[in-house]
Structure formats: structure tokens, C-alpha cells
Amino acid sequence: MVVGRGLSASEALAGAFVTALAYAFVFELNDWLFSQVKVTDNISWIFLPAAIRMVSVLLFGWAGVLGLFAGSLVILFNQVAIQPGHVLALATLSSVPSLLAARLVQRALQIGHDLAGMTGRQLLVFGLAGGVTSSLVHTLYFVGREGSLAPFHGFVPMFVGDSMGTLLMLYAGAIGLRRIRQAPSAD
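Residues numbered from 1 in each chain as written. Predicted model: local features only at pLDDT ≥ 70, side-chain atom pairs only at ≥ 80, totals over all residues. Heavy atoms only, no water.

**A closer look at helix α6 (residues 120-146)**
Turning to step 1, where the next piece is worked out: Helix length check: α6, at 27 residues, gives a terminal C-alpha distance of 38 Å against a target of 39 Å (1.5 Å per residue), a fit within 8%.
Turning to step 2, where the next piece is worked out: Every buried residue of α6 is accounted for by Q122, L123, F126, G127, G130, G131, S134, S135, H138, T139 and V143.
Turning to step 3, where the next piece is worked out: If you follow the buried residues of α6, they end up packed against α2 (49-60), α4 (84-93), α5 (96-109) and α7 (155-182).
Turning to step 4, where the next piece is worked out: Positioned one or two residues after α6, G147 has a phi angle of 70°, which is positive. (Helix = DSSP H or I, 4+ residues; strand = E, 2+ residues; numbered from the N terminus. Expected span 1.5 Å × (residues − 1). Buried < 20%, exposed > 50% of the residue type's maximum accessible area, 1.4 Å probe, protein only. Contact = heavy atoms within 4.5 Å.)

**So, the nonpolar core**
Turning to step 1, where the next piece is worked out: Membership of the largest hydrophobic core comes to 24 residues, with the highest contact counts inside it found for Y23, V57 and F126.
Turning to step 2, where the next piece is worked out: Secondary-structure elements contributing two or more residues to this core are α1 (9-33), α2, α3 (62-80), α5 and α6.
Turning to step 3, where the next piece is worked out: L76, V87, L90 and A91 belong to the second largest nonpolar core, which has five residues in total. (Core = buried A, V, L, I, M, F, W, Y, C linked by side-chain atoms within 4.5 Å.)

**Concerning the confidence of the model for the chain**
Keep in mind that low pLDDT regions are not for reading the predicted coordinates in detail.
Turning to step 1, where the next piece is worked out: Residue-level pLDDT values for the chain average 84, and 92% of them are 70 or greater.
Turning to step 2, where the next piece is worked out: Ranking the helices and strands of the chain by mean pLDDT puts α1 first, with 93, and α7 last, with 85. (pLDDT = per-residue confidence, 0-100.)

Rendered as C-alpha cells:
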């Protein structure tokens, strides 16, 4: 059986599993590396997991969304287990909007599914689109939930953190791929 984006069911399941593990791992790594620049438990001036969001949905489509949702559940249940509705809403906001942002940028900039050949400008647009989308949907959710405009104070650090985290990870990945491609082959 083949599912969306040309992935077989087993490939989609593997993509979701890898995404969930990567998201949870990078979230914990980010917490360890950047604990000094945290605004709240879920907002940091540098948020590396935002890159996992964008890359996983670009590579795996809805399977990536499923993986992000599962990884978010694991992280969030440790933080706010007493509010299961809130956990489900936040897990949804940490997964589905990433697919929308990735598809819009992919179409607008004609970026392939494997990210090959992306320019620095395209990486910048990709990171900013992910940061704006995530920050906006989370902020609107908290405005609606709390009934005040106070959550807008978190918009700027979330936007900066998501954008910086995505850009750092994408640039590191691009440099790594470039070095791998340039490495002399051992024939």
C-alpha cells in the first residue's frame, strides 16, 4: 500500500517514528543547550526543534505531522499532564501548521522535497515562514484561551526562537551535505 507523497505505509510509519524521536530528542537537547535563553518552558530565543517540524513535514508529509504530534504529546504530557485538552491542542499546533507553512514555501520558491540546491535566501524564507506560522497559531491559541492580549508578549521571542532554530539547523545541514558531496571518493 502506498500513502501520500509516494511513501509506502512502512516508510510513512518509519518517518513518523523517526520524526517523533528526533523532535523529542532535539527538544531536550535545546533545553540543555539554551536553558539560559528560555522565556518559558516552551518558548526560547533559540528553538532548534522548529527545524524538525519543517523538515519532517517537507520530507514525510502527513506522516511527519503524525510524528510531530506524537513527539509533542510525549514532551507536553511531562509538563501539563493534568490538562489533556490543552496538551492535545498544543500538540496539534506544534504539528499541523508546519505542514501548511512548508507547502506554501515549497510551492512559492519551487523547492524540491529533498531540499537539494536550496540557496541561502531560500533557507531564510523557509525559516521565517516556519517561525511566523508557529508563533502566530500558538499566540492566537493562547489569546483565545486566556482571553487577554498578554500572550502577544511571547510572540516575538517565539518567532525569533523558531526562526533562529530552523535557520541554524538548516544551515548546519546544508554545510554537512555540501561537505559530504565534496568528500573525495575512495575508489
